[in-house]
Amino acid sequence: METNDTKFQTRIDEGEFVEPKDSMPDGYRHHLIRQMSQHAHSEVIGMQPEGNWISRAPSLRAKQILLAKIQDEGGHGLYLYSAAETLGISRSEMINQLHSGKAKYSNIFNYPALTWADIGAIGWLVDGAAIVNQISLQRTSYGPYSRAMIRICKEESFHQRQGYEIMAKMMKGTKEQQEMAQDAMNRWWWPALMMFGPHDTDSPHSSDAFKWKIKREGNDELRQKFIDKTVQQAEVIGLTIPDKELKWNEKKNIYDHGEINWNEFHQVISGNGPCNKQRMEHHIKYHEEGAWVREAAEAYKKEKSNSKI
Ligand code: BYC
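Structure report, in brief. These numbers come from a predicted model, not from an experiment.

Scoring rules and cut-offs
Residues numbered from 1 in each chain as written. Predicted model: local features only at pLDDT ≥ 70, side-chain atom pairs only at ≥ 80, totals over all residues. Heavy atoms only, no water. Helix = DSSP H or I, 4+ residues; strand = E, 2+ residues; numbered from the N terminus. Expected span 1.5 Å × (residues − 1). Buried < 20%, exposed > 50% of the residue type's maximum accessible area, 1.4 Å probe, protein only. Core = buried A, V, L, I, M, F, W, Y, C linked by side-chain atoms within 4.5 Å. Contact = heavy atoms within 4.5 Å. Near = heavy atom within 4 Å. Polar contact = N/O pair within 3.5 Å; in protein donor to acceptor, adjacent residues only side chain to side chain. Areas by Shrake-Rupley, 256 points an atom, 1.4 Å probe, with all protein chains shown as cover. Nonpolar A, V, L, I, M, F, W, Y, C, P; charged D, E, K, R; others polar. Phe/Tyr/Trp six-rings, centres within 6.5 Å; stacked < 30°, edge-to-face > 60°. 1 Å grid on protein atoms, 1.4 Å probe; cavity = no way out; pocket = protein on both sides within 12 Å on 5 of 7 lines; lining within 4 Å. Points joined across faces, edges and corners; volume = space filled by probe spheres on them. Salt bridge = Lys/Arg side-chain N within 4 Å of Asp/Glu carboxyl O. Axes fitted to C-alpha atoms, helices over the stretch in contact; angles between N-to-C directions. Parallel < 35°, antiparallel > 145°, perpendicular 65-115°, else oblique. Arc of directions from axis to C-beta.

## A closer look at helix H10 (residues 219-237)
- Taking 1.5 Å as the rise per residue, H10 with 19 residues should run 27 Å; its terminal C-alpha atoms sit 28 Å apart, in good agreement.
- Where H10 is concerned, the buried positions are Asn219, Leu222, Arg223, Gln224, Phe226, Ile227, Asp228, Thr230, Val231, Ala234 and Ile237.
- Remark: Gly238 follows H10 within two positions and exhibits a positive phi of approximately 85°.

## Side note on the nonpolar core
- Core analysis: the biggest nonpolar cluster contains 53 residues, and Trp116, Trp188, Trp189, Phe226 and Leu239 have the highest contact counts within it.
- Broken down by secondary-structure element, the contributors of at least two residues to this core are helix H4 (60-85), helix H6 (116-137), helix H7 (143-171), helix H8 (175-194), H10 and helix H11 (262-272).
- In terms of residue count, the dominant contributor to this core is H6 (ten residues).
- Setting aside residues no more than four positions away along its own chain, Trp189 makes contact with Leu125, Phe226, Ile227, Thr230, Ile241, Pro242 and Asp243.

## Here's the deal with the site of the ligand
- Neighbouring the ligand are 35 residues; Lys104, Asn107, Ser203, His205 and Lys215 lie closest to it.
- Contact distances for the ligand include 2.9 Å between an oxygen atom and a side-chain N or O atom of Gln38.
- Within the side chain of Ser203, an N or O atom sits 2.8 Å from an oxygen atom of the ligand.
- Burial of the ligand by the surrounding chains reaches 91%, relative to a free accessible area of 1100 Å².
- Taken together, the elements giving at least two residues each to the shell around the ligand come down to helix H2 (26-45), H4, H6, H7 and H11.
- For the shell around the ligand, the residue count by class is 13 nonpolar, 13 polar and nine charged.

## As for the packing of aromatic side chains
- Evaluation of the coordinates by the stated rule reveals nine aromatic pairs.
- Members of the aromatic cluster, each reached through a chain of ring pairs, are Phe8, Tyr28 and Trp212.

## Focus: the layout of surface pockets
- The space that makes up the second largest pocket amounts to roughly 560 Å³.
- Residue lining of the second largest pocket: 15 residues in total, with Val44, Ile95, His283, His287 and Arg294 positioned closest to the centre.
- For the lining of the second largest pocket, the secondary-structure elements that each account for two or more residues are helix H3 (47-51), H4, helix H5 (91-100) and helix H12 (276-289).

## Brief notes about the pattern of salt bridges
- All chains considered together, the criterion is met by 16 salt bridges.
- Across the pair Arg11 and Glu16 runs a salt bridge whose closest N-O atoms are separated by 2.8 Å.
- Residues Lys225 and Glu217 are paired through a salt bridge, measuring 2.5 Å at the closest nitrogen-oxygen approach.
- Looking at Glu217, the relative accessible area reads 12%, which means it is buried.
- Within this structure, Glu50, Lys69, Glu73 and Asp127 form a network of salt bridges that share partners.

## Re the side chain of Gln134
- With respect to the helices, strands and loops of the structure, Gln134 is situated in helix H6.
- Those residues in contact with Gln134 that sit more than four places away from it in its chain are His39, Glu43, Met149, Ile152, Cys153 and Glu156.

## Comments concerning the packing of H7 against H8
- Between H7 and H8, the shortest axis-to-axis distance is 7 Å and the interhelical angle comes to 140°. Taken as axis vectors, H7 and H8 run oblique relative to one another. Touching Met167, Met170 and Met171 of H7 are Gln177, Gln178, Met180, Ala181, Ala184 and Met185, all from H8.
- Class assignment of the residues belonging to the contact of H7 with H8 gives a composition of seven nonpolar, two polar and no charged.

## Concerning the side chain of Ser203
- Looking at the secondary structure, you find Ser203 in the loop between H8 and helix H9 (206-211).
- A polar side-chain atom of Ser203 sits 2.6 Å from a polar atom in the side chain of Ser206.
- Among residues more than four places away in sequence, those in contact with Ser203 are Pro198, Lys215 and Asn219.

## What to know about H5
- Among all positions of H5, only Met94, Ile95, Gln97 and Leu98 are buried. Buried residues of H5 fall within an arc of 155° about the axis and therefore sit on the same side. Summarising the geometry of H5, the exposed residues directed more than 90 degrees from the buried face are Asn96 and Ser100.
- Elements that come into contact with the buried residues of H5 comprise H2, H4 and H12.
- Following H5 by one or two positions, Gly101 has its phi on the positive side, about 90°.

## A closer look at unusual backbone geometry
- Located in the positive-phi region is Lys213, a residue other than glycine, with phi close to 55°.
- For Lys213, the location among the structural elements is in the loop between H9 and H10.
- The residue Asn253 is not glycine, and still its phi comes out positive at about 65°.
- Take Asn253: its relative accessible area is 53%, and that puts it in the exposed class.

So this is what it looks like as structure tokens:
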């Protein structure tokens, strides 16, 4: 007799999407809750390094664009928290897991944004890396996650161009501005490559993720796609990729590249990066200060449901 798990796997193998009320193995549900909640946390924590520059943007135009971008990131967090809630976890549980350190968020947001060029590097490299990963996730097997990705990718492509425009402008500027852009590139390149996660051979979740079609492409495959498209963009504006081993491989039609510092990656994702403490303290402080908003919303909801009785 076919078990529920076998039936589920058949649906997945046939390319069907899974929807919230469908029966699904516990492992599938937990895998998605872990990934989607971490994805949502990344969007929201990612607002911090950029938010730091709103009041110092070099023009009104730059400020308006940055504000819109950061609001988008908050919106992405909301879509993703809502999509994760359809799996039976509450928003407050997800936030508790973030605050207790049980749930991770992307390594990249534990680095400081030191100059205006960092805002360019974040948009261009960080959003650029995120798009490559999220385009692939548009075909993920869980319907609400897939649909959230389609919407998010549309906004991310504007973010990536916003960052590239800042870098291109700085590279046409004074020597000092060019050096600032190169310095930002040097600091953000390697952490951006780490965003794709460990090598597939060292990725404990990949085998289930492929079996259930949560992941369609491997961490290394997506990282390579990002490198190949970004190297050319850097060349166009005159930036140098800080990797001496980067070289075009004629046979494979890809760029060979140097090894990532995995020790740094593991340190950062286990809480010891340059800004982990600051990011979490900030999140906890504003979450606590916002308690009255949540309480008011709950009271309003209660009041409304009582008045219907
Ligand atoms: N950072 O088995 P693996 C944005 C963890 S925000 C931290 O390969 P998986 C933006 C991983 O969680 C968009 N941790 O895992 C916002 C696991 O630990 P746990 C961010 C990482 O899930 C504002 C362990 O390492 N995008 O664009 O199969 C402003 C083993 O890894 C990282 C997403 O969140 C990392 N980079 O694959 C600007 C994408 N990598 O959970 C921009 C959604 C790995 O066992 N997520 N770990 O404690 C994914 O696609 C997948 O989760 C990953 C990892 C490819 C990241």
